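Report on the structure
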Amino acid sequence: MRRYLDHAFATLGAMVVAIFAAIMVLIFIQVINRFLLGLPLFWTEEVVRMLLVWLVLMGTPVVVYQYQEIKVELFNFKSPHLEAFRQVIVSILSVVFCGMLAYWGYLFMERSLGTMQPSLGISRAWLYAPIPLGSILTIIAFLVRGKEVKEPSDPGKRI
C-alpha cells in the first residue's frame, strides 16, 4: 500500500512541477509580447493566476505527505511522549482546518459555477476547484503518511 501512496503523491508532485513550468513559460511569453512586441496577450494573466492557485493547493498535499511543511515550534518538549502528543494535536488541528477549508471551498466553488472568466470564457469554478480538492488531498496526506523519521540532532546545525 505504501508503494502506491508514494507513487500517487510523486505523480501529484510531477503535476505540480508541470504547473510551475507552465506558469514560467506563460509569464515569459507575456513579458516578451507586452514589452518587446507591444502586443499584450489578454488571457495569460488569468491563466497564470488560475495555475498559481492550482500550484499551491496541489503542492500542499505533496509537502505534507513528505513531512516538508514549515514548522514553527513554540514549545519544545524534552519528553518523547509529550512531543508525540504535541505532534498528534497539531495533526488533528490541521485536519480539522483542512476539513473546514474543503467544506467552505466546495460551497464557494458551487456558487461560482454560473460565473464565467472574462477572457477565457470558462467557468470560474475552475479557479476555485483546487480549494476543496487540495484540502481533501491534504487530509488524506495527513492520515496516510508514515512516522516521521527524525534526523539526529547536530548542535552545529542550528539556525
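Above: the structure in question.
Residues numbered from 1 in each chain as written. Predicted model: local features only at pLDDT ≥ 70, side-chain atom pairs only at ≥ 80, totals over all residues. Heavy atoms only, no water.

1. So, helix H3 (residues 80-111)
- Over its 32 residues, H3 runs 46 Å from end to end, which matches the ideal 46 Å to within 8%, given 1.5 Å per residue.
- Packing partners of the buried residues in H3 comprise helix H4 (125-128) and helix H5 (130-144). (Helix = DSSP H or I, 4+ residues; strand = E, 2+ residues; numbered from the N terminus. Expected span 1.5 Å × (residues − 1). Contact = heavy atoms within 4.5 Å.)

2. A closer look at the packing of H3 against H5
- Running from N to C, H3 and H5 cross one another at 160°; their axes reach a closest spacing of 7 Å. Between H3 and H5, the angle is such that the two are roughly antiparallel. Regarding H3 and H5, the two cross each other, and that crossing is left-handed. Here H3 contributes Ser91, Ser94, Val95, Cys98, Gly99, Leu101, Ala102, Gly105, Tyr106 and Met109 to the contact with H5, which in turn contributes Ile131, Pro132, Ser135, Ile136, Thr138, Ile139 and Phe142.
- The class makeup of the residues in the contact of H3 with H5 is 11 nonpolar, six polar and no charged. (Axes fitted to C-alpha atoms, helices over the stretch in contact; angles between N-to-C directions. Parallel < 35°, antiparallel > 145°, perpendicular 65-115°, else oblique. Left-handed = near helix turned anticlockwise from the far one by under 90°. Nonpolar A, V, L, I, M, F, W, Y, C, P; charged D, E, K, R; others polar.)

3. Some points on the side chain of Thr138
- Counting through the fold element by element, Thr138 comes out in helix H5.
- One polar contact links the side chain of Thr138 to the main-chain carbonyl oxygen of Gly134, over a distance of 2.7 Å.
- Among all residues touching Thr138, those that are not within four sequence positions of it are Thr60, Pro61, Val64 and Cys98. (Polar contact = N/O pair within 3.5 Å; in protein donor to acceptor, adjacent residues only side chain to side chain.)

4. Here's the deal with the packing of aromatic side chains
- Taken as a whole and assessed by the stated rule, the structure comprises three aromatic pairs.
- An angle of 80° between the planes, with centres 5.0 Å apart, marks the rings of Tyr103 and Trp104 as edge-to-face.
- Judged by its relative accessible area of 51%, Trp104 falls in the exposed class.
- Taken together, a centroid distance of 4.5 Å and an interplanar angle of 70° make the contact between Phe108 and Tyr128 edge-to-face. Of the two residues, Phe108 sits in helix H3 while Tyr128 sits in helix H4, which places them 20 residues apart along the sequence.
- Of the residues examined, Phe108 reaches a relative accessible area of 36% and is grouped as partly exposed.
- For Tyr128, a relative accessible area of 18% gives the class buried.
- Directly above the aromatic system of Tyr4 lies the positively charged group of Arg3, at a separation of 5.3 Å from the ring centroid. (Phe/Tyr/Trp six-rings, centres within 6.5 Å; stacked < 30°, edge-to-face > 60°. Buried < 20%, exposed > 50% of the residue type's maximum accessible area, 1.4 Å probe, protein only. Lys NZ or Arg CZ within 6 Å of the ring centre and 35° of its normal.)

5. A look at the side chain of Arg145
- Inspection of the secondary structure assignment puts Arg145 in the segment after H5.
- Under the relative-accessibility criterion, Arg145 is labelled buried at 13%.
- Only 2.6 Å separates the side chain of Arg145 from the backbone oxygen of Val64, close enough to count as a polar contact.
- For Arg145, the side chain forms a polar contact with the side chain of Glu69, separated by 3.1 Å.

6. Quick look at the nonpolar core
- Counting residues in each nonpolar core, the largest one holds 26 residues, and the members touching the most others are Phe9, Ile19, Ile23, Leu51 and Trp54.
- Looking at this core, the elements that each hand over two or more residues are helix H1 (2-36), helix H2 (44-65), H4 and H5.
- The biggest single contributor to this core is H2, with 11 residues.
- Other than its neighbours up to four places away in sequence, Ile23 contacts Val48, Leu51, Leu52 and Leu55. (Core = buried A, V, L, I, M, F, W, Y, C linked by side-chain atoms within 4.5 Å.)

7. Here's the deal with a nonpolar patch on the surface
- Residues Phe85, Val88, Ile89, Ile92, Leu93, Val96, Met100, Tyr103 and Trp104 make up a contiguous nonpolar surface patch of about 940 Å² in total accessible area.
- Among the structural elements, Val88 can be located in helix H3.
- A relative accessible area of 45% places Val88 in the partly exposed class. (Patch = residues over 30% accessible without salt bridge, like charges linked within 9 Å, V, L, I, M, F, W, Y side chains within 5 Å. Areas by Shrake-Rupley, 256 points an atom, 1.4 Å probe, with all protein chains shown as cover. Salt bridge = Lys/Arg side-chain N within 4 Å of Asp/Glu carboxyl O.)

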